[in-house]
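# Close look at the chain arrangement
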Amino acid sequence: MQIINPATEEIISELQVTSKDELRSVLDSLREGQKAWAQKSIEERLECIIRFGEFIQLNVNELAEILTLETGKPLQQSLNEIKGAQNRVEHLRQNAEKWLAPETLVDSGSTHEKIMYEPLGVIANISAWNFPYNVGYNVFLYALVAGNSVLYKPSEFATLTGKQFEKYLWQAGIPENVFQCVVGDGKLGQQILEADLNGYFFTGSHGTGLHIAKTVAHKLVPVQLELGGKDPLYIMDDVPDVKQAAINAAEGAFYNNGQSCCAVERIYVSEKIHDEFVDAFVTEVKSYKIGDPTSLETFVGPLTRKQQLKVLENQVTDALNKGAILLSGGKEIKGKGYYFEPTVITNCKHEMAVMNEESFGPIIGIQKVSSDSEALRLMSDTEYGLTAAVFSSDEQRALGLLNQLNVGTAYWNCCDRVSPNVPWSGRNNSGLGSTLSTQGIRAFVQPKSYHLRP
Ligand code: NAD
């Protein structure tokens, strides 16, 4: 499998794809390893995770460089992503024992009732490329602490980062028969679906997620899906500082080149401040430094996948054909690398693909609204349900609207944000189940109830 640098289009590595036989023997060893791993105390398992965090800290620059080389993510954003691993390790250090401890619910003289949390066994973690470290460690660190072994299949567009994490997990004391990173694309993914696993934890597109859920349904094992979104942001007329709102909204839309599951994908603005907002927004977007992702100054690098250039171009053409106005960007940047100009489109309507299909790139549609109820109607008009944001100086007004939206995450005066303290989950076509927080660790255990009569 060839690994191509999206900034230069050069082949940077060639890897041997995991064969069917190798997959079988990896799974046999993970099944064997899991038994001993589950016998260890939570404290012992946590020690390995904490050591992993220390290795990550020591090697943060190397890890960031690999991520940038492989996906085109601007170096500063790669560094930010790795630092998130520390944050998860610390959160687990503080909470994992508490979350996994047996719970006694009734302790009367004649009856004891309690719950023990047992690991699922060997789980598959099939992952995406857009935040490959992040979407990986949000799953496998929690699964490992809970006593599972993990078959990790990173995206074919982020395999080097996956291999790097495998190296540091092993160095930190996680046995090789407890964590294995396999190499391949959807074909290998398909073989994993056909294999005997105790849970499937997937991050990626809605289409693949649905296919996975259908394919493994007959096994009756847990399936968790973290899928795409078309996340709306509404700028109310009472924002205290329109320019600042525009700067924050633009960052939410263009960070990681718009390739974030929770990126702002469509913006609604009150007609009272629309023109001022759009001016400030376009000024901000035009100030972004585009180019070499290895430079710490770059904010917009290349797209990770070449085929997305066409998707974005089609969304621009579709919007313009339906009456939108192009205020910035709109096309591929010719030359080496998969670069697309940061694109701002106004006068948008909901029948445009840019307002109803996941863009996953540096493009944003802005639509004027005349009331909160119109904004609510448009924000709700989607098959997705990952996040939604409202900027306003009035918390009650913002929450009044956010409370009515069918989304896993609601943001007031912020957006494009993930925290280990609260669950990360999507609704409808954005997925099933949660990572992070208590729910994120409970996803990797099964409760066993005890009724005891002393
Ligand atoms: P994708 O669906 O193309 O691929 C995801 C993974 O599935 C890859 O590892 C791929 O090899 C594998 N795969 C492909 N076909 C398969 C098959 N038949 N069986 C098993 N596995 C198969 O998605 P992507 O392009 O890697 O990721 C982008 C998508 O992920 C976007 O839609 C984005 O919104 C979403 N995403 C969601 C979250 C979240 O937390 N909700 C986080 C990151 C990304």
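Refer to the structure presented above.
Because the structure is predicted, anything quoted here is derived from the model rather than measured.

Attention now moves to the environment of A410. The residue A410 is located in strand β16 (residues 409-412) in this model. A relative accessible area of 48% means that A410 is categorised as partly exposed. Along the backbone, A410 and V390 are 20 residues apart, and their C-alpha atoms lie at a distance of 8.3 Å. Among all residues touching A410, those that are not within four sequence positions of it are A388 and L402.

Within the largest apolar cluster, 88 residues are counted, with the highest numbers of intra-cluster contacts made by I235, I267, F277 and F281. Apart from the residues within four sequence positions on either side, I235 is in contact with A245, A249, I267, Y268, V269, S270, I273, F277 and F391. M236, L376, V390 and L401 belong to the second-largest nonpolar core, a separate cluster that totals 29 residues.

Right, let's talk about a negative patch on the surface for a bit. Residues E43, E44, E47 and E97 make up a contiguous surface patch of negative charge. Note on E97: relative accessible area 39%, which makes it partly exposed.

Here we take up the pairing of strand β14 (residues 363-369). The buried fraction of β14 amounts to six of the seven residues, a majority that puts the element mostly inside the structure. The pairing of strand β11 (residues 266-270) with β14 spans five bridges and is classified as parallel. Counted as the bridge partner of V269 is K368 from β14. The sheet contact formed by strand β13 (residues 343-346) and β14 spans three bridges and is parallel.

Moving on: the side chain of T409. Mapped onto the elements of the fold, T409 is located in strand β16. Owing to a relative accessible area of 13%, T409 belongs among the buried residues under this scheme. Once residues lying within four places of it in the same chain are set aside, the contact partners of T409 are L386, T387, A388, P423, W424 and S425.

Within the structure, the ligand sits among 30 residues, and S127, E156, S205, T208 and E358 are positioned closest to it. Between the ligand and L227, the relevant distance is 2.7 Å, taken from a nitrogen atom to a main-chain nitrogen or oxygen of the residue. The protein chains hide 90% of the 850 Å² of surface that the ligand would expose on its own. Within the residue set of the shell around the ligand, elements represented by two or more residues are α7 (186-194), β8 (200-203) and α8 (206-216). Per-element accounting of the shell around the ligand gives the leading share, four residues, to α7. Residue composition of the shell around the ligand, by class: twelve nonpolar, twelve polar and six charged.

Glancing now at the sheet that holds strand β9 (residues 223-226). A sheet is described by the order of its strands in space; here six strands give the open sequence β7-β6-β5-β8-β9-β18, paired in mixed fashion. Of all the strands in the sheet, the pair left with one neighbour each is β7 (179-181) and β18 (431-432). Across two bridges, β9 lies against β18 in antiparallel orientation. Counterpart to E226 in the pairing with β18 is G431. Across the sheet, α8 lies against β5 (122-126), β8 and β9, angled at about 165° from β8, the strand it touches most.

Along its 17 residues, helix α2 (residues 42-58) runs 24 Å from first to last C-alpha, staying within 8% of the 24 Å computed at 1.5 Å per residue. Restricting attention to buried positions, one finds in α2 the residues I42, R45, L46, C48, I49, F52, G53 and I56. Take α2 and look down its axis: the buried residues cluster within an arc of 155°, on one side only. Among the structural elements, α1 (20-39), α3 (60-71), α4 (75-100), α5 (132-145) and α6 (159-171) are those in contact with the buried residues of α2.

Reading the values: the criteria
- Residues numbered from 1 in each chain as written.
- Predicted model: local features only at pLDDT ≥ 70, side-chain atom pairs only at ≥ 80, totals over all residues.
- Heavy atoms only, no water.
- Helix = DSSP H or I, 4+ residues; strand = E, 2+ residues; numbered from the N terminus.
- Buried < 20%, exposed > 50% of the residue type's maximum accessible area, 1.4 Å probe, protein only.
- Contact = heavy atoms within 4.5 Å.
- Core = buried A, V, L, I, M, F, W, Y, C linked by side-chain atoms within 4.5 Å.
- Patch = residues over 30% accessible without salt bridge, like charges linked within 9 Å, V, L, I, M, F, W, Y side chains within 5 Å.
- Areas by Shrake-Rupley, 256 points an atom, 1.4 Å probe, with all protein chains shown as cover.
- Salt bridge = Lys/Arg side-chain N within 4 Å of Asp/Glu carboxyl O.
- Lys, Arg positive; Asp, Glu negative; His and termini not counted.
- Charge placed at Lys NZ, Arg CZ, Asp CG, Glu CD.
- Pairing = 2+ DSSP bridges.
- Near = heavy atom within 4 Å.
- Polar contact = N/O pair within 3.5 Å; in protein donor to acceptor, adjacent residues only side chain to side chain.
- Nonpolar A, V, L, I, M, F, W, Y, C, P; charged D, E, K, R; others polar.
- Axes fitted to C-alpha atoms, helices over the stretch in contact; angles between N-to-C directions.
- Expected span 1.5 Å × (residues − 1).
- Arc of directions from axis to C-beta.

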